[in-house]
Amino acid sequence: KDFKLTTKKKLEENILNELNILMHKKGFIKKVVVDINQAGDDVDINLYNSRDEKIDKGSLSMGERQMYASALLKALVDESDIEFPVFIDSPMQKFDKDHAENVIKEFYRNVSKQVILFPLLHKELTEGEFELLQPNISRAYIIRNMSTDASNFVEAEPQNLFKTYNELYAN
């Protein structure tokens, strides 16, 4: 019981800390409460503002929801003490410029030793955002569509990812 309580408190602190790192609306979320039912198989996470009012997660913008999901993922990874790769599809889709930069500088570099991103270039990841990530990129691949039923991987030098992409899809 003490272990569950300690873990619950640590998770609350970690989620709040990650939200404060990632969000540019500082102080928007003042408290995180993790509620675990008696059986221990149902967990509810509640966010509270500075007036101690529960924030309806449905009222969050799409970018704020993605920030919340990112903060939750980071907190859970930290709590697990297990090093495993993190796969993220559409990594920058919902973020404005400020949030995107925070996520690149604070989240992707720290969530795991190995992070695999699946962005749509130019749409979900700009060249400027990629340049911020580049020092931490060891390999880059482009999925080239050969036909409706077939595709393959094309390896690209990380510093030439966008150039290679543009050459493949110039037509």
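Brief notes about the packing of aromatic side chains
Here is step 1 of the chain: All chains considered together, the criterion is met by four aromatic pairs.
Here is step 2 of the chain: Note on Phe-87 and Phe-118: the rings are 6.4 Å apart at their centroids and 15° apart in plane angle, and the pair reads as stacked. Here Phe-118 lies in strand 5 (residues 115-118) and Phe-87 lies in strand 4 (residues 86-89), a separation of 31 residues in the sequence.
Here is step 3 of the chain: Taken together, a centroid distance of 5.1 Å and an interplanar angle of 40° make the contact between Tyr-165 and Tyr-169 tilted.

So, the packing of helix 1 (residues 2-22) against helix 2 (residues 62-80)
Here is step 1 of the chain: At their nearest, the axes of helix 1 and helix 2 sit 8 Å apart, and the two run at 135° to each other. Our classification of the angle between helix 1 and helix 2 gives oblique. Where helix 1 crosses over helix 2, the handedness of that crossing is right-handed. Here helix 1 contributes Thr-7, Lys-10, Leu-11, Asn-14, Ile-15, Glu-18, Leu-19 and Leu-22 to the contact with helix 2, which in turn contributes Met-67, Tyr-68, Ser-70, Ala-71, Leu-72, Lys-74, Ala-75, Leu-76, Asp-78 and Glu-79.
Here is step 2 of the chain: Along the lines of polarity and charge, the residues of the contact of helix 1 with helix 2 split into 10 nonpolar, three polar and five charged.

Concerning the pattern of salt bridges
A pair can form between side chains of opposite charge whenever their charged atoms are brought close.
Here is step 1 of the chain: What the rule picks out here adds up to nine salt bridges.
Here is step 2 of the chain: In this structure, the salt-bridge partner of Arg-51 is Glu-53, at a minimum N-O distance of 3.1 Å.
Here is step 3 of the chain: Residue classification places Glu-53 among the partly exposed positions, given a relative accessible area of 37%.
Here is step 4 of the chain: In the salt-bridge network here, residues are joined through shared partners; they are Lys-8, Lys-9 and Glu-12.

As for the pairing of strand 2 (residues 43-48)
Here is step 1 of the chain: Here strand 1 (residues 31-36) runs beside strand 2; their pairing, made up of six bridges, is antiparallel. Residue Lys-31 lies in a different strand from strand 2, and its bridge partner there is Tyr-48.
Here is step 2 of the chain: As paired elements, strand 2 and strand 3 (residues 54-55) share two bridges and run antiparallel to each other. Paired with Leu-47 across the bridge in strand 3 is Ile-55.
Here is step 3 of the chain: Between strand 2 and strand 3, which pair antiparallel one after the other, the connecting turn spans five residues, and Asp-52 there sits at a positive phi close to 60°.

Concerning the confidence of the model for the protein chain
Here is step 1 of the chain: Averaged over the protein chain, the pLDDT score is 85; the fraction of residues at 70 or greater is 95%.
Here is step 2 of the chain: In the model of the protein chain, helix 3 (residues 97-108) stands out as the element of lowest mean pLDDT, 77, in contrast to strand 7 (residues 150-156), which has the highest, 95.

Concerning helix 5 (residues 161-168)
Turn by turn, an α-helix covers 3.6 residues, leaving residues three or four places apart pointing in a common direction.
Here is step 1 of the chain: For helix 5, every residue scored as buried is listed here: Leu-161, Phe-162 and Thr-164. With its buried residues spanning 160° around the axis, helix 5 presents them on a single face. Across from the buried face of helix 5, at angles greater than 90 degrees, the exposed residues are Lys-163 and Glu-167.
Here is step 2 of the chain: Against helix 4 (127-133), strand 6 (140-147) and strand 7 lie the buried residues of helix 5.

About the cut-offs
Residues numbered from 1 in each chain as written. Predicted model: local features only at pLDDT ≥ 70, side-chain atom pairs only at ≥ 80, totals over all residues. Heavy atoms only, no water. Phe/Tyr/Trp six-rings, centres within 6.5 Å; stacked < 30°, edge-to-face > 60°. Helix = DSSP H or I, 4+ residues; strand = E, 2+ residues; numbered from the N terminus. Axes fitted to C-alpha atoms, helices over the stretch in contact; angles between N-to-C directions. Parallel < 35°, antiparallel > 145°, perpendicular 65-115°, else oblique. Left-handed = near helix turned anticlockwise from the far one by under 90°. Contact = heavy atoms within 4.5 Å. Nonpolar A, V, L, I, M, F, W, Y, C, P; charged D, E, K, R; others polar. Salt bridge = Lys/Arg side-chain N within 4 Å of Asp/Glu carboxyl O. Buried < 20%, exposed > 50% of the residue type's maximum accessible area, 1.4 Å probe, protein only. Pairing = 2+ DSSP bridges. pLDDT = per-residue confidence, 0-100. Arc of directions from axis to C-beta.

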